[in-house]
Amino acid sequence: MIQSLPFSFPGITEDISRLGGLLGELLRLADITFHGRLAILNLACGRADETGILAAALEPAQVGFYLGMDLRADAIAEAERRWDLPNGEIEFREGNAAMIGRMEGLPAFDLVFIRHQNYWHEPLVWEGILDEAFATMKENGYLICTSYFDLEHELFLASMRTRGVRILANVRNAKSRDLPDAEGKSVDRWIAVFGK
Ligand SMILES: C[S@@+](CC[C@H](N)C(=O)[O-])C[C@H]1O[C@@H](n2cnc3c(N)ncnc32)[C@H](O)[C@@H]1O
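Now for a look at the structure at hand.

1. Quick look at the environment of arginine 177
Then, in step 1: Residue position: arginine 177 is located in the loop between strand 8 (166-172) and strand 9 (190-195).
Then, in step 2: Through-space distance from the C-alpha of arginine 177 to that of tryptophan 83 is 24 Å; in sequence the pair is 94 residues apart.
Then, in step 3: The contacts of arginine 177, once residues within four sequence positions are left out, are Asp15, Ser186 and Val187.

The following block contains the structure:
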């Protein structure tokens, strides 16, 4: 994965580096190693700043197809300018993640990634997004999500338990950076991986 544009804000480089360490810890705990060429779906990806570190964390596997999707056209346009995948296909799409099942031509995904999921904000919308996320995953695929704060992470886990999904590892990020204007929230505060 090639980064063609620097990150837009101070502190992102360090946040992304910490996320890389956290992903490594999570995958070790869950005893997951990826192989081959993967299809990755980054749902509600915003600017998708984590694209490069995510690809690195999945090695020795290579990314064959990477799709980032978000409602925000400006963020999607920025992500498009930032990331290239010379030996694979990469696409950033403005769209509603709850409609992914209706999008034609998509492969089944090895990994669905959701950074800073937003379940708390609109639970019913996110139930729909999660339905689609699981429907689009391979049978042996995984879903990884991070959360900004404790309650929204608990709500997300509760949804997973209700679905009968396997919770393979769940980690509180000890190095998470506090958000100065939002008490109790911090960057990638929690991360968890689920198996179908
Ligand atoms: C908390 S932000 C996280 C953005 C990014 N993943 C990050 O960590 O910086 C939640 C994102 O969800 C996106 N979103 C909310 N509902 C969505 C939907 N139905 N389809 C696609 N994106 C959605 C928002 O536009 C927003 O970018």
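2. Quick look at the site of the ligand
Then, in step 1: Looking at the ligand, there are 16 residues lining it, with Ala44, Gly46, Ala97, Arg115 and His116 nearest.
Then, in step 2: Of all elements in the fold, only strand 3 (62-70) and helix 4 (123-136) reach the threshold of two or more residues within the shell around the ligand.
Then, in step 3: The class makeup of the residues in the shell around the ligand is 9 nonpolar, 4 polar and 3 charged.

3. Examining the nonpolar core
General note: in soluble globular proteins, nonpolar side chains tend to be found buried as a group.
Then, in step 1: Ile40, Leu43, Leu111, Val112, Leu143 and Ile144 are the most contacted members of the largest nonpolar core, which totals 50 residues.
Then, in step 2: If sequence neighbours within four positions are ignored, isoleucine 144 has contacts with Leu111, Phe113, Ile191 and Val193.

4. Some details on unusual backbone geometry
Then, in step 1: That bond from glutamate 59 to proline 60 is cis: its omega, 15 degrees, falls within 30 degrees of zero.
Then, in step 2: Tracing the backbone through its elements, the reader meets proline 60 in the loop between helix 2 (51-57) and strand 3.
Then, in step 3: For alanine 44, which is not a glycine, the phi torsion comes out positive at approximately 50 degrees.
Then, in step 4: Tracing the backbone through its elements, the reader meets alanine 44 in the loop between strand 2 (37-43) and helix 2.
Then, in step 5: The backbone phi angle of alanine 48 is positive, close to 60 degrees, even though this residue is not glycine.
Then, in step 6: Tracing the backbone through its elements, the reader meets alanine 48 in the loop between strand 2 and helix 2.
Then, in step 7: Exposure remark for alanine 48: the 25 C-beta atoms within 10 Å place this residue in the buried category.

What counts as what
Residues numbered from 1 in each chain as written. Predicted model: local features only at pLDDT ≥ 70, side-chain atom pairs only at ≥ 80, totals over all residues. Helix = DSSP H or I, 4+ residues; strand = E, 2+ residues; numbered from the N terminus. Contact = placed C-beta atoms within 7 Å. Near = placed C-beta within 6 Å. Nonpolar A, V, L, I, M, F, W, Y, C, P; charged D, E, K, R; others polar. Core = buried A, V, L, I, M, F, W, Y, C linked by C-beta atoms within 7 Å. Buried ≥ 20, exposed ≤ 12 C-beta atoms within 10 Å, placed from the backbone.

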